Amino acid sequence: MVQSPSRPAAVPPSFDAKALVEKQRAYFETRVTLPLQWRREQLQALDRVAHKYEAEILSALKSDLSKSPEEAFLTEAGSIYGEIKNALKNLKGWMKPRKGSAPIVIQPARAYQYSEPLGVTLIIAPWNYPYQLSIAPLIGALAAGCTAVLKPSELAPATSSVLRRMLSEAFPPEIVSVVEGGVEESQALLAERWDLIFFTGGTQVGRVVAEAAARHLTPTILELGGKSPCIIDRSADLEVTARRIAWGKYVNAGQTCIAPDYVLIPPELKGRFTELVQKAVRSFYGDDTRTSGDYGRIISTRHFERISALAAHGKIAFGGERDAASRFFAPTVITDAPVTSPLMQEEIFGPLLPLVDCPSIEDAIRFVRARPKPLALYSFARDASVNERVLRETSSGGAVTNDVCVHFAAEGLPFGGVGESGLGGYHGQASFDAFSHRKSVVKRPFLLDMALRYPPYGGKLSLFKRLM
Ligand code: NAD
């Protein structure tokens, strides 16, 4: 437990957003968050409580999203331990001033970037990976020496409740507070002045957050969504491609921000690819996905109905079975959906995989470039020059060749979107950077106060031209 002036942290349902921010700001202003030692202690406290509550977290994820404990550990709880460990190992180095170069005209001088904590921060999280996407930004906040208010998603209430209990056990409210609730609570928080807002969610709500932040000129990290394409070249190993896409598409019943949204594929490969996806689905979940303990459920009735409506566009090549009462929706492949239909216009965020005829890589690149920049892009080809061309000629938040989603696990790489899929990145050092301001610092001695830069300038132009 972290030592601090007051406790405990449980926030009542009707909370006072202004008072909460003021409390955290007063604490931040004491400057106790600046030293390495404080940051280490918070990360260690987080690590302890994450381990202590692991069983409760896994059971909450089962209750909210029917995630198996194995999947919940692999995609949520386990990755958090790795992030904390990495931050604890590297924090000292991240905090060191980074050297820059000082040009001759300002010599003698030394140039640096100092990392300073942004201050009092707000983290708003979504429901699809409700634990991972709440705690991973918090690791960045604490490593950077910030305080944080976390607003988990109301659509994953069991996880939200565990988050509140575990974080209020580890931290007093002036360091970390959890505000449970939905739009109303979120908007009350957004009305306050923060030093950073870290938002993960849909692009529409991202705009609401950006507007609220603009009122106080608050910097934002926006981790948003979109339609992440897969491009399949004729040279690809179709069986491995189908298995990897099926895994990334149907994990968490398709409710993954970086899930493959649709597949651009040469028309003659469509039939075989569909068979191979079906084969992979059987090998993952058995003959009846409904009875598999490893297949998730749709988060809410509203989303179940939304996905059902999307499935009505095009032809169902396999799958399509569903059950409204249990919000089960089978892994599904769809062909012949018009590109103007909602299935091909909106982020699917469910287990529907549309296949789009795309005779050439040139067509695929043009298709992607004509649409908003995706959060992720996946290119499959044995011919490395094809993958390289796709990487260079398309823009996306992240990309993987010959696989899907795995870039999320590369903690040395910043994870984030571009354009409509987001702004800024995090994970590993990028999380520390996201919650820090990099202050440019030039250090000069009093010695050698050269007259060159001082007026009168008469006759110095040719000298300036030579020096600059
Ligand atoms: P959402 O945008 O509906 O909600 C996210 C959070 O914002 C929730 O905490 C919610 O309570 C709050 N919120 C909702 N409406 C609000 C409003 N009008 N004003 C203020 N706050 C509001 O997103 P979601 O449905 O929880 O998650 C799904 C979306 O998130 C998908 O688009 C997905 O791609 C995206 N996502 C992105 C990432 C990423 O890392 N880039 C990760 C997961 C999910």
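The paragraphs below set out a description of the structure included in this document. Each residue is numbered by its place in its chain's sequence as written, counting from 1. Side-chain atom pairs in this predicted model are given and counted only at pLDDT of 80 or more, local residue features only at pLDDT of at least 70, and totals for whole chains, interfaces and linings cover all residues. The basis for every side-chain value is the complete set of non-hydrogen atoms in the structure, without hydrogens or water.

**Describing the site of the ligand**
Proximity criterion: a residue is near a molecule or strand once any of its heavy atoms comes within 4 Å of it. For the ligand, the set of nearby residues contains 28 residues, the closest of which are Ala125, Lys151, Glu154, Leu224 and Glu347. The contact in question runs from an oxygen atom of the ligand to an N or O atom on the side chain of Lys151, over 2.7 Å. What qualifies as a polar contact is a pair of N or O atoms within 3.5 Å, subject to a donor-acceptor requirement within protein and to the restriction that residues adjacent in sequence count only when both atoms come from side chains. Between Glu223 and the ligand, the recorded distance is 3.4 Å, taken from a backbone N or O atom to a nitrogen atom. All accessible areas in this document rest on Shrake-Rupley with a 1.4 Å probe, and a residue is counted as covered only by the protein chains that are shown. Summarising the interface, the protein chains cover 89% of the accessible area of the ligand, which totals 840 Å² for the free molecule. Numbering of helices and strands runs from the N terminus; a helix is a DSSP stretch of H or I covering at least four residues, while a strand is a stretch of E covering at least two. At the level of elements, helix H7 (183-190), strand S6 (196-200) and helix H8 (203-215) are the ones that each hand at least two residues to the shell around the ligand. With four residues, the single largest contributor to the shell around the ligand is H7. When residues are sorted by character, Ala, Val, Leu, Ile, Met, Phe, Trp, Tyr, Cys and Pro go into the nonpolar class, Asp, Glu, Lys and Arg into the charged class, and all the rest, Gly among them, into the polar class. Residue composition of the shell around the ligand, by class: 16 nonpolar, eight polar and four charged.

**Remarks on the sheet that holds strand S9 (residues 262-265)**
In short, DSSP must find at least two bridges between two strands for them to pair. The strand order S10-S13-S14-S9-S8-S15-S16 describes an open sheet built from seven strands, whose pairing is mixed. Edge strands, defined here as strands with exactly one partner in the open sheet, are strand S10 (315-318) and strand S16 (398-401). Sheet twist, expressed as the average angle between the axes of neighbouring strands with direction ignored, equals 25°. Lines are fitted to the C-alpha atoms to define the axes, a helix being fitted only along its stretch in contact, and any angle between axes, read from their N-to-C directions, falls within 0 to 180 degrees.

**Regarding the packing of aromatic side chains**
Two rings from Phe, Tyr or Trp (for Trp, the six-membered ring) form a pair when their centres are within 6.5 Å of each other. A pair whose planes differ by under 30 degrees is stacked, one over 60 is edge-to-face, and the rest are tilted. The full count for this structure, using the stated rule, is 15 aromatic pairs. Considering the side-chain rings of Tyr457 and Phe464, the 6.0 Å spacing of their centres and the 65° angle between planes classify their relative orientation as edge-to-face. Look at Phe464 and you get partly exposed, because its relative accessible area is 24%. An aromatic cluster is built from Phe198, Phe408, Phe415, Tyr426 and Phe435, whose rings are joined through pairwise contacts. Sitting over the ring of Phe367, Arg371 keeps its end group 3.6 Å from the ring centre. Burial classes follow relative accessibility: with a 1.4 Å probe on protein chains only, a residue under 20% of its type's maximum area counts as buried, one over 50% as exposed, and anything between as partly exposed. The criterion is that NZ of a Lys, or CZ of an Arg, lies within 6 Å of the ring centre and within 35 degrees of the ring normal, and then a charge sits over that ring.

**Here we look at the sheet that holds strand S20 (residues 436-443)**
Strand order in this open sheet of three strands is S1-S2-S20, and the pairing throughout is antiparallel. Both outer strands of the open sheet, strand S1 (98-100) and S20, are each paired with one neighbouring strand and no more. Ignoring which end each strand starts from, the neighbouring axes of this sheet average 30° apart. Summarising the sheet, strand S2 (residues 110-117) and S20 pair through eight bridges and their orientation is antiparallel. If you follow Glu116 over to S20, its bridge partner there is His437.

**With respect to helix H5 (residues 132-144)**
Given a helix with a known number of residues, its expected span is that number minus one, times 1.5 Å. Taking 1.5 Å as the rise per residue, H5 with 13 residues should run 18 Å; its terminal C-alpha atoms sit 18 Å apart, in good agreement. The buried count for H5 comes to 13 of 13 residues, which makes it a mostly enclosed element. In the segment just after H5, Gly145 is the residue with positive phi, at about 85°.

**Here we look at the nonpolar core**
Leu46, Tyr131, Ile135, Met166, Leu167, Tyr250 and Phe273 are the most contacted members of the largest nonpolar core, which has 116 residues in total. There are two domains that each give this core at least three residues, and those are domain 1 (17-225 + 418-440) and domain 2 (229-409). Setting aside its immediate chain neighbours within four residues, Leu46 contacts Ile84, Ile135, Leu138, Ile139, Leu142, Met166, Leu167 and Phe171. Joining through side-chain atoms within 4.5 Å is the link that ties buried Ala, Val, Leu, Ile, Met, Phe, Trp, Tyr and Cys residues into a set, and such a set is a nonpolar core. For the domain bounds, the source is a domain assignment made automatically or taken from a database. Residue contacts are counted whenever heavy atoms from the two residues lie within 4.5 Å of one another.

**Thoughts on the pairing of strand S15 (residues 376-380)**
Extensive coverage of S15 is indicated by the burial of five of its five residues. Burial of the side chains of S15 extends over both faces: Ala376, Tyr378 and Phe380 are buried on one face and Leu377 and Ser379 on the other. Across three bridges, the pairing between strand S8 (residues 229-232) and S15 is parallel. Bridge assignment links Ile232 to a residue of S15, and that residue is Phe380. Inspection of the sheet shows S15 paired to S16 by four bridges, in the parallel sense. Looking at the pairing, Tyr378 lines up with Val400 of S16.

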